[in-house]
Amino acid sequence: MAPRAELVHWAFAAGFLLLGLVLLAEAIVGTQVFAMRRWRLYLWPSLAFAIGVLLWPVAVFFTNSTLHMLAHASWAEVAMLAGAVQLALVRGKLTSPWWTLSVSAALLVSGAAFLIHEQNPWLFSRAAFLHHAIGWTLVVAAVFPLLQTLQPRRAIWSAGFAMTFVVLAVMLFCDRDVAPIFGHLSRYAGGQ
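Okay, so let's go over this structure.

Definitions and limits used
- Residues numbered from 1 in each chain as written.
- Predicted model: local features only at pLDDT ≥ 70, side-chain atom pairs only at ≥ 80, totals over all residues.
- Heavy atoms only, no water.
- Helix = DSSP H or I, 4+ residues; strand = E, 2+ residues; numbered from the N terminus.
- Buried < 20%, exposed > 50% of the residue type's maximum accessible area, 1.4 Å probe, protein only.
- Contact = heavy atoms within 4.5 Å.
- Areas by Shrake-Rupley, 256 points an atom, 1.4 Å probe, with all protein chains shown as cover.
- Core = buried A, V, L, I, M, F, W, Y, C linked by side-chain atoms within 4.5 Å.
- Phe/Tyr/Trp six-rings, centres within 6.5 Å; stacked < 30°, edge-to-face > 60°.
- Lys NZ or Arg CZ within 6 Å of the ring centre and 35° of its normal.
- Expected span 1.5 Å × (residues − 1).
- Axes fitted to C-alpha atoms, helices over the stretch in contact; angles between N-to-C directions.
- Parallel < 35°, antiparallel > 145°, perpendicular 65-115°, else oblique.
- Left-handed = near helix turned anticlockwise from the far one by under 90°.
- Nonpolar A, V, L, I, M, F, W, Y, C, P; charged D, E, K, R; others polar.
- Patch = residues over 30% accessible without salt bridge, like charges linked within 9 Å, V, L, I, M, F, W, Y side chains within 5 Å.
- Salt bridge = Lys/Arg side-chain N within 4 Å of Asp/Glu carboxyl O.
- Arc of directions from axis to C-beta.

**What about the overall build of the protein?**
- A count of helices and strands for the protein gives eight helices and zero strands.
- Counting from the amino terminus, helix and strand elements in the protein follow one another as α-α-α-α-α-α-α-α.
- Sorting the 192 residues of the protein into buried and exposed places 44% on the buried side.
- Long-range contacts, defined as pairs at least 24 residues apart, comprise 66% of the intrachain contacts of the protein with a sequence gap of at least 6.
- A total accessible area of about 10400 Å² is found for the protein, and carbon and sulfur atoms account for 70% of it.

See below:
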C-alpha cells in the first residue's frame, strides 16, 4: 500500500526546510565563520544528494504515470548531480567556481519538470496551483547560483538561494491531494 502523495510531499518538505535552514545559517554568519567547523560545509551538499537518492523510490514505486515517473526521476538525477558537484567542490576535487552552475541547471530542470508534469490549469485544485507555483519559483530561483558565481561576496544571493528552499518547503507543506484553491475546485477534480 503506497502512502498518500501529500505525505510523501510533506516528508520532502521537511528535507527542503532543513536544507534551506542550513543554507540560511551560512548566509547569515558568512562562509568564513560557517567553515570554522569543516563538517558544516558538507551539510547542504549531503542533504541535496540524499534528497536525490530518496526521490528514486518515489519515482519507481509511487508514481501513477510515465510522465510523473520521468519528472521524479529527473528531480532525483539533478538533485544528486548538484549535491555531488558541491561535495566535490568542498572536498577540493573540483576547483572552478563555474561548477556551481550545475545547481542553476538543477533548479531549471526541476522547475521545468514541475511545470511540464502538471497537466491541469492553475486553479484546478490546490495541488495543481502549488505545482505551477513551485515550478515557476524554481525557474526564477535558478538565477541565485548564477549570481553567487558572478558575485560571490554578495550575501543577498546566498540568502535568496537559501530562502528558495524555505519557500519550497512551505509550498510542499501546503500540498493536499484534492483541495479547493481560493474557494474554487474544478468539477473534474473529484470530491474533496
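Next comes the rest of the write-up.
**A look at the nonpolar core**
- If you look at the biggest cluster of nonpolar residues, it comprises 39 residues, and the most contacted ones within it are Phe16, Leu19, Trp44 and Phe165.
- Sorting the residues of this core by element identifies α1 (5-29), α3 (43-61), α4 (66-91), α5 (101-117), α6 (126-141) and α8 (155-173) as the ones contributing at least two each.
- Discounting residues that sit within four places of it in the chain, Phe165 has contacts with Phe16, Leu17, Leu19, Gly20, Leu23 and Leu107.

**Remarks on the environment of Ser96**
- Positionally, Ser96 belongs in the loop between α4 and α5.
- As a C-alpha pair, Ser96 and Thr149 span 53 residues in sequence and 9.9 Å in three-dimensional space.

**Description of the packing of aromatic side chains**
- As enumerated under the stated definition, the model contains four aromatic pairs in all.
- Summarising the aromatic geometry, the rings of Trp44 and Phe161 are spaced 5.6 Å apart at their centres and angled 75° between planes, so their arrangement reads as edge-to-face. Separated by 117 residues along the polypeptide, Trp44 in helix α3 and Phe161 in helix α8 bring together distant segments of the chain. You'll find Trp44 and Phe161 in the same group, each marked buried.
- Between the NZ or CZ atom of Arg40 and the centre of the ring of Phe34, over which it lies, the distance is 5.9 Å.

**Focus: α5**
- An ideal rise of 1.5 Å per residue puts 24 Å on 17 residues; α5 measures up with 24 Å between its terminal C-alpha atoms.
- Every buried residue of α5 is listed here: Ser102, Val103, Ser104, Ala106, Leu107, Ser110, Gly111, Ala113, Phe114 and His117.
- Residues of α5 that are buried in the fold lie against α3, α4, α6, α7 (143-150) and α8.

**Overview of the packing of α1 against α3**
- At a closest axis distance of 10 Å, the pairing of α1 and α3 adopts a crossing angle of 170°. Relative to α3, the element α1 is oriented roughly antiparallel. The chirality of how α1 crosses α3 is left-handed. Of the residues in α3, those in contact with Val8, Phe12, Gly15, Phe16, Leu18, Leu19, Val22, Leu23 and Glu26 of α1 are Leu43, Trp44, Leu47, Ala48, Ile51, Leu54, Leu55 and Val58.
- A class-by-class count of the residues in the contact of α1 with α3 yields 15 nonpolar, one polar and one charged.

**Some thoughts on a nonpolar patch on the surface**
- On the surface, Ile28, Val29, Val33 and Met36 cluster together into a nonpolar patch covering about 410 Å² of accessible area.
- Within the element layout of this structure, Met36 appears in the loop between α2 (31-34) and α3.
- Take Met36: its relative accessible area is 62%, and that puts it in the exposed class.

**Topic: the packing of α6 against α8**
- In the contact formed by α6 and α8, the axes pass within 10 Å of each other and the chain directions differ by 175°. Compared by their axis directions, α6 and α8 come out roughly antiparallel. On the side of α6, the interface is formed by Leu130, Ala133, Ile134, Thr137, Leu138 and Ala141, while α8 contributes Thr164, Val167, Leu168, Met171 and Leu172.
- Considering only residue class, the contact of α6 with α8 consists of nine nonpolar, two polar and no charged.

**What about α7?**
- Residues of α7 that are buried: Pro145, Gln148 and Thr149. In a view along the axis of α7, the buried residues occupy a sector of 100°, so they form one face of it.
- The inward-facing, buried residues of α7 contact α5, α6 and α8.

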